[in-house]
Amino acid sequence: MFWDAVQATFVALTHWQVYAAGLEYVIIVFAPLLIAYMLGIRYGSDDPVKHTSVILVPLFQALGTVFFVYSVAQIALGQAHYSTWRIPFEVAFGSPGKFIILVVLIVAASFLLAIVPIAGQIYALQTLVLSGLALGVLFVMADGQDFPQYTEIDWLPSFWFICGIIVVGAIFGTIGVALISTLPQILSNLTGRDMTAIGVLISIPIASTFGFVPFFIYAAWIGLQITPAG
């Protein structure tokens, strides 16, 4: 079933909405840090982000992860060909207590992963665990309107399945990093103009989305198990 999930991931990555969600993730994660940096410069701080990044980075990464996962969940599960942009907002404002608990859980999980030897250095594994946690909570809170009723789901893949996710995720992560460094130059060479800024703006959401490939494979695996009730 692993290769079926990988194939479904390639299909999911053909939807433009997932890259829009990648841009959404980038904005949620980095905009607050940029604001903090600019405020620090404004008020003469020697290192404006240093004292806040320990808390801000995991917090906004958790928020970004939740919004990304909930926005593209139906595409990743193979249940629809459109994004559900309203779901993260409905969860955040309709069930704020549950939403806060979810964000706290993801932040706590990110800290725990960071201190685990080896695992803390594997970005694909971190993405898999944190986004998988968000997806699992979404299923718990779903009322059947946006997600089909299901009979039974095996939430924990096998060891080798996880290894496969990590390998494929690492490959796509490397491609994403390479894209950021090469796409601006490629566009500049093709147009004969300095396209660095545009190339970066295009490549960052794509690279961010590629970073979530472990989530897409895992979600596709869950989607392949879903059997409508009745």
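For the structure, see preceding data.
Residues numbered from 1 in each chain as written. Predicted model: local features only at pLDDT ≥ 70, side-chain atom pairs only at ≥ 80, totals over all residues. Heavy atoms only, no water.

A.B. asks: Please give an account of the overall build of the protein that cites residues and values.
C.D. replies: Scanning the protein from terminus to terminus reveals nine helices and zero strands. Across the protein, helices and strands are ordered from the amino to the carboxyl terminus as α-α-α-α-α-α-α-α-α. Counting only residues that meet the buried cut, the protein has 48% of its 230 residues in that class. Contacts spanning at least 24 positions in sequence make up 76% of the contacts within the protein whose residues lie at least 6 apart. A total of about 12,400 Å² of accessible surface is found on the protein, and carbon and sulfur atoms cover 70% of it. (Helix = DSSP H or I, 4+ residues; strand = E, 2+ residues; numbered from the N terminus. Buried < 20%, exposed > 50% of the residue type's maximum accessible area, 1.4 Å probe, protein only. Contact = heavy atoms within 4.5 Å. Areas by Shrake-Rupley, 256 points an atom, 1.4 Å probe, with all protein chains shown as cover.)

A.B. asks: Before we move on, could you go through the environment of V72 and cite the residues and values that matter?
C.D. replies: With respect to the element layout, V72 can be found in helix α3 (residues 50–77). Once residues within four sequence positions are removed from consideration, V72 is found in contact with Q17, V18, A21, S83, F215 and F216.

A.B. asks: Before we move on, could you go through the side chain of Q225 and cite the residues and values that matter?
C.D. replies: One can find Q225 in helix α9 (residues 213–225). For Q225, a relative accessible area of 17% translates into the label buried. Looking at Q225, its side chain comes within polar contact range of the main-chain nitrogen of D154, at 2.7 Å. Setting aside residues up to four positions removed in sequence, Q225 forms contacts with E152, I153 and D154. (Polar contact = N/O pair within 3.5 Å; in protein donor to acceptor, adjacent residues only side chain to side chain.)

A.B. asks: Explain the packing of helix α1 (residues 2–12) against α9 residue by residue, including any values.
C.D. replies: As a packed pair, α1 and α9 sit with axes 8 Å apart at the nearest point and diverge in direction by 115°. Considering how the two elements wind past one another, α1 and α9 form a crossing that is right-handed. For the pair α1 and α9, the contacting residues are F2, D4, A5, V6, A8, T9 and A12 in the first and V213, F216, I217, A220, W221 and L224 in the second. Residues belonging to the contact of α1 with α9 are distributed by class as follows: eleven nonpolar, one polar and one charged. (Axes fitted to C-alpha atoms, helices over the stretch in contact; angles between N-to-C directions. Left-handed = near helix turned anticlockwise from the far one by under 90°. Nonpolar A, V, L, I, M, F, W, Y, C, P; charged D, E, K, R; others polar.)

A.B. asks: Pulling in residues and values, what's your account of the nonpolar core?
C.D. replies: Counting residues in each nonpolar core, the largest one holds 63 residues, and the members touching the most others are F68, Y70, F99, L135, F215, F216 and I217. Considering each element in turn, this core owes the most residues, 14 residues, to α3. When sequence neighbours within four positions are dropped, the list of residues in contact with Y70 reads T84, I87, P88, V91, L102, A134, V137, L138 and M141. (Core = buried A, V, L, I, M, F, W, Y, C linked by side-chain atoms within 4.5 Å.)

A.B. asks: If you had to explain the packing of α1 against helix α7 (residues 159–191) to someone new, which residues and values would you point to?
C.D. replies: In contact at an axis separation of 11 Å, α1 and α7 are set at 30° when each is read in the N-to-C sense. When the axes of α1 and α7 are compared, the pair comes out roughly parallel. The crossing of α1 and α7 is right-handed. In this structure, α1 contributes F2, A5 and F10 to the contact, and α7 contributes F161, G164, I165, V168 and F172. Among the residues forming the contact of α1 with α7, the class breakdown is seven nonpolar, one polar and no charged. (Parallel < 35°, antiparallel > 145°, perpendicular 65-115°, else oblique.)

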